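What follows is the residue order along each chain.
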Amino acid sequence: MSKPKDRPWLLRTYSGHSSARASNELYRANLAKGQTGLSVAFDLPTQTGYDPDHPLARGEVGKVGVPISHLDDMDVLFDQLPLDQMNTSMTINAVAAWMLALYIALAERRGVDPAKLSGTTQNDIVKEYLSRGTHIFPPGPSLRLIVDTITYSVPNVPKWNPTNICSYHLQEAGATPVQELAYALSTAMMVLDAVRKSGQIPEQDFPNVVGRLSFFVNAGIRFVEECCKMRAFTQMWDNITRERYGVEDAKKRRFRYGVQVNSLGLTEQQPENNVQRIVLEMLAVVLSKDARARAVQLPAWNEALGLPRPWDQQWSLRIQQVMAFETDLLEYDDILDGSPVIVDKVQELVDGANEEIARVAEQGGVLAGIESGYMKQALVKSHAERLRAIERNELTIVGVNKYTETAESPLTTSGDGGIMKVDDAVEQQHIDAIVAFRASRDNKKVGEALARLKQVAQGSDNIMPASIACAHAGVTTGEWAGALREVFGEYRAPTGIDISGQHGGDENLESALRERVAKTGEELGRPIKLLVAKPGLDGHSNGAEQIAVKARELGMEVVYEGIRLTPQQIVAAAQEEGVHMVGLSVLSGSHGAMAEMVLDGLREVGLGELPVTMGGIIPDNEHEALKRSGIAAIYTPKDSDLNAIMAEMVDLTRSHNKLKVFGAL
Amino acid sequence: MNQATSVDVKTLAEGLARADRSCVANALNLIDDKRPGAHEQALQLLTAIDGERLNQGGHLIGITGPPGAGKSSLLSALLERWCHRGLQVAVLAVDPSSPKTGGALLGDRLRMSAAGQHKNLFIRSLASRQQLGGLAPEVWPMSRALLAGYDLVLVETVGVGQSEIDVANIVDTTVYVVQPASGDSIQFLKSGIMEVPDIMVVNKSDLGSIATKAANELTQVLHRSEQHTAWQRPVCKLSARDREGIDALEEALKAHRDHLRAQNSLTSGRMQQQVAYIIRQLNDEFGSHGIKKLGGSKQIAAHCQSLHGTGQMLASYNAWVEELRR
Ligand code: B12
Ligand SMILES: Nc1nc2c(ncn2[C@@H]2O[C@H](COP(=O)(O)OP(=O)(O)OP(=O)(O)O)[C@@H](O)[C@H]2O)c(=O)[nH]1
Ligand SMILES: [Mg+2]
C-alpha cells in the first residue's frame, strides 16, 4: 500500500417534495444509503416568498420542493437529524437570509450552538435574474441582503457558507464555459467589493470572508474542456483573491465548489443514455485533484421526464459511490499536471474569461449588465446558437439527431410513467395548516417582530438579528418576504430575447417556414401575432425564450413578457394585444392548474375560441385530459425540432381561421 | 385572398366610446386588418366615432427618444398616477420590426404596468413594420379610435430613423426623453430633430450631476432657439425609477394641452393629422398619379378642411377611393 486514499467529496442528492414530514423521511433514508450531505429543494412559493394560501401559490405548493413556512416546519424537516453533525445545503436565494434565520433559530431552540452549524445557503441573486428566476427584490436591496448574511455569518456561524456563487444555472440557460467563468467570477468580485464597502467587517478579518465564499458549478458533456474549466476557475480565483483582495493564506484562496452536472443536455428520447452522460460529466469535476469538487449532486436518468423517485436518486448516488470507492481515482495526485494540452486549453479559457470580465466591467459592472439586459442576451444567444447547431446536425446528440432508432425501454413502461408525481391534495393540506398555525400563535409578538424587521430594512442595520427574532416569534415565510416587499419593492429582470439577427438555423427549412408565415399573415390581414407566456411561479424560461426567438426569426410578431405572470395578466395580454394564438410554457408541474385558469379566463372575456398550446414538462399520461379541457397542442422536451413546432403552430392558426393547412414541413 | 369578416360597426363604435375592452381590442384588430373589406369597415368605424370628442377631447401624447432612455419606465410612472386617479388610459407601444424577416418582439407591457393590472388601462403593442424605421401607418387611426373612449392616449416609439418625426405629426404633445449620458444633448442637436419635442425630459436624474449638466445644456439650447414663440419648451429633469420629478412633467403636459386649447390649435392640429392621414392613404394606394387626378394634395386638404366638424371627411375620402378605383 502506498499513501492513503484522499477523502471523497460530499455526496449529496438534491431533494425535497410535498411536505416537511415526507422530505425528512426521504433525507433519513438517503443518509442511510450512504449520502454524506443534505441538499434541500424548496417549493416555488417558499422560494419566492409566499405562504401556501397566497393566490400566486396556487398549483405550486409542495410540487418541486418542500414548503417551509415557519420554524415548526423547519423543525419537522430536520426531525431526528442532529444539526451540529449535518452538512446542509439549501438552494435558497431571495429569502436566503430568512431560511438561515430559521435554521439558526432551530439550532437555538434545540440548544445547539450556531457556531457548530455547517452548510450553505445559495444566496446568489445574479444568476436568479439571469437564469433561475426566483428573485423578488431589485438588485440594490438584494445585494444588501447578501452582504448582511455574509457579515453576520462569518463571525457568528463561521463554518457556514453564506453565499454560493453559481455558474451552474448559467450553463443551464445556455452559457459557454467562458461565460460561466466570467459571470461567476465577476459576481464574486461584486459581492466581495460590496462586503468591503459595507464596513461591517474589520479589514484584518476580510480574508475570512474571502475564505467563506464558495461556488456552485456545472459540468457538461465536453468533459475535457469542463475539467479545464475547473482548473481555470481555481487558477483565476487564486489570482483574484491574492491580487485584488490581498489574501496571503493559500487555504483561504482555494476555489471551493460544489457541483450539479449538466441537466440541459439530458434527453427525453432514449433516457437511459443520460446515465452515461452523467458519469462522464462527473468525471470532469473529480478527475483533477487540484480542482476537485467539494460536493457533488447528480441528476437522474429520468431528468427530462419529471421528478425522480427514490430509486432513481439512489441510482445516481451509487454512481458517485462507485466513482469514489471502487475506482482508484482517489489514490493519486493530480493526474493532469504537466500535460501541455491541458495547460493550453486552460489558458484559452482564462484569456476568454478575462476578456469578458473586462467587457462587463466596462459596461458598469454586473448589476448594470443585469439591468441593461446585456448578460441575459448573451445567454439567450448562446443557447439559440446551441439549438441551431443541433438543428444543422453539427452538434450530435445521440438519440435526438442521430441514432434515433430504439427498442422499447422497460424503464419507462412502469405504471407510474417512470417519475414521481406529487399528490395534488397536499396543497389544500398546507393551506389548512397555515391558517391554523396563524390562529394558534401569539399574533402580537408576530406584529412586533415584523415591525422591527421593517424598521431595520429601512435603515442600514444587519437584517439577520431581526429575522432570527421573527423566526422565534412565529413569523411565516410569506410575512417575512411581504414585509421586505413593502420596503424594497419588487423587480422584473430583462428577458434577453431582444437579440438581433439570425442564429444560423437550417436555411432551407427556415425560408420555407418564413414563406408560410408571410402568406398566412397576408391571408389573415396582418402578421401572425403570438403570445408566448409563462404562468405561475415557474422560472424555467429557456423553452419560452427559444420559441419566441425562433418565431420572430420566422416573421411572427411575438409578445413575451418574461416569467411569473398571473393567468389574469396573460388573459389581459391576449385580449389587448389581439393575438392569433397563445403559447404557454410550464415546467414546474403546475401545468394542470395553469391551463385551467388561463382557459377559464379567456372564455370569460369571450376568447374561448383562441387556440392555446402548451409546452414544458408534461407527462404523457396527462396530455389527453389537457386536450379535452381545451389545449390545442402539447410539446415536451422530445419535440426538440423547433421548426416542426413552428410549422404546426402556423397550421393551427390557419385551421382556426378556416384556412387550408400546409401540412408537415 | 380571403375577405375580412364583417363586423357590426355601430356596436364597435359604441363600445369604443365606453372603453369596453373587448370592443377596443376588436376595433384595433379591424384597423390593423389589410384584407379587402376591412379597410372600408375601419373607415366606417372611424367615421362613426368622429365628432366633438375627437376634435377636442382627451389628450394624445407621444413619447419618443433613443433606445433605453427610459420611455417605458416613465410611462409606467405616469400610468400609475393616472390609473390611480381613475382616468381611462390607453397606450400604443411601437417596437421595431426586423427589417429582414418582418418579425418583431414586443415586450414592454409589464415594464409599463408594473403597478399591476388596472381595469382602466389598455396596452397594445405594435411592430413598426416599416423598412426605414418610421411609424406604422396603423398608429394614427388606432390612436384616434382610442381617443373615443380614453382620457389619455399615449404612443411610445423608439426614436430611430423617421419615427420621432412621424410621431410628432400625429399627437398633440410630443415628449422627448434622453438619458444624461455625456454627449447626448449634443447628439440631439446634431440629429436635426430640434423641432420635435414640446417637452424635453432628462431621465435618470438619480445618476447625479451628469443629469443636471445635461438638463442645463438642453435648457440653454432650447431657449436660445425660441425666444419669440408662445410655448417655452420645458426641460424636465426626473427619475422614472425613483419616481422623482414626475409632478413637474405632469404639470408640463397639462400646460401644453391648455396652451394648445388657448391657441385653438388642439382642434386644428387634430384636423391636420386627419388630413395628412387621408392624403397618405390615397398616396399609398393610388400614388402621386391618383393624388393629381383629385386636383393635388392642396386641393384635397382644402376640401377636407371645409368638411371639418361635419363628420363627413372620411365619407368623402371613401368617395374618392371609389372614384379612383373606377
Ligand atoms: C434547464 C433547467 C433548469 C434551469 C432553468 C434555466 C432557464 N432560465 O430556463 C435551472 C437550473 C435554473 C432550473 C431550476 C429549477 N428546476 Co429545472 N430543469 C431544467 C432542465 C434540465 C431543462 C429545461 C430546459 O430548459 N430545456 C431546454 C428547453 C429548450 O426545452 P423545454 O423547455 O422543454 O422546451 C421545449 C418543449 O418543452 C417545448 N416547449 C416548452 N415551452 C413551450 C412553449 C410553447 C408555446 C411551445 C409551442 C413549446 C414549448 O418546446 C421546446 C423546444 O424543444 C429540466 C429537465 C429537462 N432536461 O428537461 C429541469 C426541470 C424542468 N427542472 C425541474 C425543477 C424541479 C427545477 C427547480 C424548481 C428545482 C427547485 N426545487 O428549485 C428549479 C427552480 C426553477 C424555477 N424558478 O422555477 C424539474 C421539474 C419537475 C416537474 N415539472 O415535475 C425538471 C423536469 C428536472 C427534474 N427532473 O426534476 N432548471
Ligand atoms: N437609474 C435609472 N435607470 C432607469 C430609469 N428609468 C429607466 N431606467 C432603466 O433604463 C433601462 C431602460 O428602460 P426602459 O424604460 O425600458 O427604456 P425605453 O426607453 O422604454 O427602452 P426601449 O423601449 O427599449 O427603447 C432599464 O434598465 C431601466 O431600469 C431611471 O430613472 N433611473
Ligand atoms: Mg420601451
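Throughout this document, residue positions are counted from 1 along each chain, in the order its sequence is written. Here the convention is simple: chains get letters from A, ligands get numbers from 1, in the order in which they are written. Owing to the predicted nature of the model, reporting of local features is limited to residues with pLDDT of at least 70; listing and counting of side-chain atom pairs is limited to 80 or more, with chain, interface and lining totals taken over all residues. The basis for every side-chain value is the complete set of non-hydrogen atoms in the structure, without hydrogens or water.

Student: Quick question: what am I supposed to make of the overall build of chain A here?
Tutor: Each helix and strand counted, chain A has 25 helices and 15 strands in total. Our radius of gyration looks at C-alpha atoms and nothing else; its globule reference is 2.2 Å times the residue count to the power 0.38. In terms of C-alpha radius of gyration, chain A reaches 25 Å, essentially the compact-globule figure of 26 Å for 665 residues. For the C-alpha atoms alone, the extent of chain A along its principal axes is close to 75 × 65 × 50 Å. For chain A, contacts bridging at least 24 residues in sequence account for 79% of all contacts bridging at least 6. Under the counting rule used here, the positive set is Lys and Arg, the negative set is Asp and Glu, and His together with the chain ends is not counted. Lysine's charge is taken at NZ, arginine's at CZ, aspartate's at CG and glutamate's at CD. Chain A carries 68 positive and 87 negative side-chain charges, and their two centres are separated by 3 Å. The helix and strand labels rest on DSSP assignments: H or I over at least four residues marks a helix, E over at least two residues marks a strand, and numbering proceeds from the N terminus. Contact criterion: two residues are considered in contact whenever any of their non-hydrogen atoms come within 4.5 Å of each other.

Student: Just checking my understanding: could you explain the coordination of the magnesium ion (ligand 3) for this structure?
Tutor: Ideal coordination angles are 109.5 degrees for a metal with four donors arranged tetrahedrally and 90 or 180 degrees for a metal with six donors arranged octahedrally. All names here are of chain B. Distances define the donors: N, O and S atoms within 2.8 Å of the metal qualify, as do those within 3.2 Å of Na, K or Ca. Water is excluded, so some sites may look unfinished. Around the magnesium ion (ligand 3), the donor atoms from the protein are Ser72 (OG), Asp108 (OD) and Glu156 (OE), and they sit 2.1 to 2.5 Å away. Sequence spacing of the donor residues for the magnesium ion (ligand 3), all on one chain, is S-x35-D-x47-E. Taken together, the residues Asp108 in the loop between strand S3 (104–106) and helix H6 (109–112) and Glu156 in strand S5 (residues 152–158) connect sequence positions 48 residues apart. A relative accessible area of 18% places Asp108 in the buried class. With a 1.4 Å probe rolled over the protein chains alone, any residue whose accessible area is under 20% of its type maximum counts as buried; one over 50% counts as exposed, and the rest are partly exposed.

Student: Can you help me understand the site of ligand 2 in this one?
Tutor: Surveying the vicinity of ligand 2 reveals 18 residues, the closest of which are Lys71, Ser72, Ser73, Lys204 and Asp206 of chain B. Residues close to ligand 2 are split across chains A and B. For ligand 2, an oxygen atom lies 3.0 Å from a polar atom in the backbone of Glu371 of chain A. With respect to ligand 2, the backbone of Gly70 of chain B contributes an N or O atom lying 2.9 Å from an oxygen atom. For the shell around ligand 2, the secondary structure elements donating two or more residues are helix H5 (71–84) and S5 of chain B. Residues are counted as near a molecule or strand when any one of their heavy atoms sits within 4 Å of it. Distance and chemistry together define a polar contact, namely a pair of N or O atoms within 3.5 Å, with one atom able to donate a hydrogen and the other to accept it when in protein, and with adjacent residues in sequence counting only for side-chain atoms on both sides.

Student: It is not clear to me how the interface of chain B and chain A should be interpreted in this structure. Could you clarify?
Tutor: The parts lose accessible area when they come together, and the size of an interface is often stated as this lost area. With 31 residues of chain B at the interface, the matching set in chain A holds 33 residues. Counting each side, the surface lost to burial between chain B and chain A is near 2600 Å², with a carbon and sulfur contribution of 49%. Sorting the residues of chain B by area buried against chain A places Leu105, Arg109 and Leu110 of chain B first, and these three jointly supply 26% of that buried surface. Salt-bridge detection follows one rule: a side-chain nitrogen of Lys or Arg within 4 Å of a carboxyl oxygen of Asp or Glu. Counting every contact that joins chain B to chain A gives four salt bridges. For the pair chain B and chain A, the interface holds 17 residue pairs in polar contact (both at pLDDT 80 or more). When contributions to the side of chain B that touches chain A are tallied by element, the ones reaching two or more residues are helix H2 (21–32), S3, H6 and strand S4 (121–127) of chain B. Considering each element in turn, the side of chain B that touches chain A owes the most residues, six residues, to S4 of chain B. Inspection of the sheet shows strand S12 (residues 557–560) of chain A paired to S3 of chain B by three bridges, in the parallel sense. Bridge pairing in S3 of chain B places Val559 of chain A opposite Leu106 of chain B. What counts as buried area is the accessible surface, traced by a 1.4 Å probe, that two parts surrender upon association, with contributions from both included. When DSSP locates at least two bridges between a pair of strands, those strands are taken to pair.

Student: Just to check I follow, could you spell out unusual backbone geometry for this structure?
Tutor: The phi angle of most residues is negative, glycine excepted, and most peptide bonds adopt the trans form. Residues and elements named next belong to chain A. The phi angle at Asn123 is positive, at roughly 50 degrees, despite the residue not being glycine. You can see Asn123 is positioned in the loop between strand S5 (118–121) and helix H5 (126–132). Among the residues examined, Asn123 registers a relative accessible area of 4% and is labelled buried.

Student: Before we go on, may I ask you to explain the domain arrangement of chain A in this structure?
Tutor: All names here are of chain A. Here chain A is partitioned into domain 1 (10–391) and domain 2 (507–656). Relative placement of domain 1 and domain 2: their C-alpha centres are 32 Å apart. Domain 1 puts 31 residues into the contact, and the matching count from domain 2 is 29 residues. Interface of domain 1 and domain 2: buried area, both sides summed, is about 2200 Å²; carbon and sulfur atoms make up 50% of it. Its largest share of buried area at the contact with domain 2, domain 1 owes to Arg58, Glu268 and Arg388, together 24% of the area lost on that side. Our count for the domain 1 to domain 2 interface comes out at six salt bridges. Across the pair Glu553 and Arg388 runs a salt bridge, and its minimum N-O distance is 3.3 Å. Counting every contact that joins domain 1 to domain 2 gives 14 residue pairs in polar contact (both at pLDDT 80 or more). Residue assignment for the side of domain 1 that touches domain 2 shows that the elements contributing at least two residues are helix H2 (44–47), H5 and helix H15 (374–391). Sorting elements by how many residues they give to the side of domain 1 that touches domain 2 places H15 first, with seven residues. Residue ranges assigned to the domains are those given by an automatic or database domain assignment.

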